[in-house]
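Results of the structural survey
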Number of protein chains: 2
Amino acid sequence: MAEATAPSSRSRVRRHPERARYEAQLVEAILDESMICHLGFIADGVPYVVPTMYARAGNQVYIHGSPASRMLQSASGAVDVCLTVTLLDGLVMARSAFHHSMNYRSVMILGSAREVLDPAEKLTAFERLVEHVCRGRWGEVRQPSDKELNSTKVLALGLQEASVKLRSGGPNVPEADQGVSVWAGEIPLRTVALPPSGEDQPNSPAGSHIMSYTRPGWTAPPQPGG
Amino acid sequence: MAEATAPSSRSRVRRHPERARYEAQLVEAILDESMICHLGFIADGVPYVVPTMYARAGNQVYIHGSPASRMLQSASGAVDVCLTVTLLDGLVMARSAFHHSMNYRSVMILGSAREVLDPAEKLTAFERLVEHVCRGRWGEVRQPSDKELNSTKVLALGLQEASVKLRSGGPNVPEADQGVSVWAGEIPLRTVALPPSGEDQPNSPAGSHIMSYTRPGWTAPPQPGG
């Protein structure tokens, strides 16, 4: 494989560069599989990291509003942010304490987020946010009123400075560990949906997108360990 | 319940203050259940958010090193950070797009992180990091060499400015949604461990802490939905 190239100096992965990837397809797959992001921004000179909902729409992500309030107090129009999404795939159990690790796939996006003000784009962003949580949901629920649209801020962030960092596979076994007699390997982790709890409305039972909830990247429901 | 009090003005939850909690016991339970944190810091005037391993030890957390490198370039000794840990508990499906939400428990810790330099404390931090991933693991694996200890940075961050934000329960049903005929409720999400993959060493099969991996806060392995 040709050496991957970072889109900018500051988005180049410095630690463990062998774990770095920059392909758009991989960035998009991780963003589409995960459900929350951690949004970093600076307010009053201090860094904040807030978990929030997001959704990808082509070459950008829309970010749901609540963290925006504090952020937008300290800047108007556009703000420097770092949006990070992480999928934890497994625990890597080595024969030495030092080589314990985790398998994961993460995306970090640096850039300047703009507030979405155009009503039509804002409605599109809401649609993407709902569909990101549950595909097929937007068409069956009540649409946002003007008051609802106005009461929530939405940010947009381009994917130009996105980088992926990932690890997969079993533990490293350096020479010093080759004689160590202890089990080593990976404990895979998965996020699974349990049966939904709620109430059917008259003539409106839960559809298969609720009863058999799944996401891009999810395989058939795994059996838990143990 | 008496009104919760934030430990500092900047750590007071502003959006959805009804979701805020500040009890140490709850902070500790969330930190002990989750496996990765998202660490925010400022470098060259820009916010960064990096996923990394951490572990709680009493009234502080130890943070595993790789993100520290870039961070410590821009400050020596102590650096302002924000460490956020989030457990996603479920998807909240309302009858209207606007009221869709997520159930979650998150901890945000603001503070000044110091680099752990004392060799004895650094060894303790490594022990906590390994035991956080898998209780009982430290005693059965090769201990870190001096070279290994020196090659990884560890940060410590006190829990003084920690706040919890959480949501639980079903969707809000405002008056405008009461006539809407669509299923509404919660789709619970869980992290589960799958059967481990790896190789037994001679006379060292995987113990129950590997074969039946569990964590503080985890209940009996749930059956996945669908």
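Preceding block: the structure.
Small disclaimer: the values here were computed from a predicted structure and weren't measured.

Rules used throughout
- Residues numbered from 1 in each chain as written.
- Chains lettered and ligands numbered in written order.
- Predicted model: local features only at pLDDT ≥ 70, side-chain atom pairs only at ≥ 80, totals over all residues.
- Heavy atoms only, no water.
- Helix = DSSP H or I, 4+ residues; strand = E, 2+ residues; numbered from the N terminus.
- Buried < 20%, exposed > 50% of the residue type's maximum accessible area, 1.4 Å probe, protein only.
- Contact = heavy atoms within 4.5 Å.
- Expected span 1.5 Å × (residues − 1).
- Least-squares fit on C-alpha atoms with pLDDT ≥ 70 in both.
- Buried area = accessible area lost by both parts, 1.4 Å probe.
- Salt bridge = Lys/Arg side-chain N within 4 Å of Asp/Glu carboxyl O.
- Polar contact = N/O pair within 3.5 Å; in protein donor to acceptor, adjacent residues only side chain to side chain.
- Nonpolar A, V, L, I, M, F, W, Y, C, P; charged D, E, K, R; others polar.
- Pairing = 2+ DSSP bridges.

All names here are of chain A. One can find Gly169 in the loop between β8 (161-167) and β9 (184-193). Given a relative accessible area of 34%, Gly169 falls into the partly exposed group. A C-alpha to C-alpha distance of 8.7 Å links Gly169 and Gly185, two positions 16 residues apart in sequence. Residues contacting Gly169, with those up to four places away along its chain left out, are Val92, Asn103 and Glu186.

Taking 1.5 Å as the rise per residue, helix α3 (residues 119-133) of chain A with 15 residues should run 21 Å; its terminal C-alpha atoms sit 21 Å apart, in good agreement. If you check which residues of α3(A) are buried, you get Glu121(A), Lys122(A), Ala125(A), Phe126(A), Leu129(A), Val130(A), Glu131(A), His132(A) and Val133(A).

Moving on to the relation of the copies chain B and chain A. Relative to chain A, chain B is turned by 180° and slid 0.0 Å along the rotation axis, the superposed coordinates differing by an RMSD of 0.0 Å. Expressed as a symmetry operation, the mapping of one chain copy onto the other fits a two-fold axis. When each C-alpha of chain B is compared by its distance to the rotation axis, Thr191(B) comes out closest, at 2.3 Å. By residue overlap, the copies meet face to face through one surface: 100% of the interface positions of chain B are interface positions in chain A.

Another point: the interface of chain B and chain A. Facing the 93 residues of chain B at the interface are 93 residues of chain A. Roughly 8300 Å² is buried in total at the junction of chain B and chain A, and carbon and sulfur atoms are behind 66% of that figure. For the salt bridge of Asp177(B) with Arg142(A), the shortest nitrogen-to-oxygen distance reads 2.5 Å. On the surface where chain B and chain A come into contact, there are 23 residue pairs in polar contact (both at pLDDT 80 or more). Element by element, the count of residues in the side of chain B that touches chain A is highest for strand β9 (residues 184-193) of chain B, at 10 residues. Taken together, the residues of the side of chain B that touches chain A break down into 53 nonpolar, 24 polar and 16 charged. Summarising the sheet, β9(A) and β9(B) pair through 5 bridges and their orientation is antiparallel. Note on β9(B): the bridge partner recorded for Val192(A) is Arg190(B).

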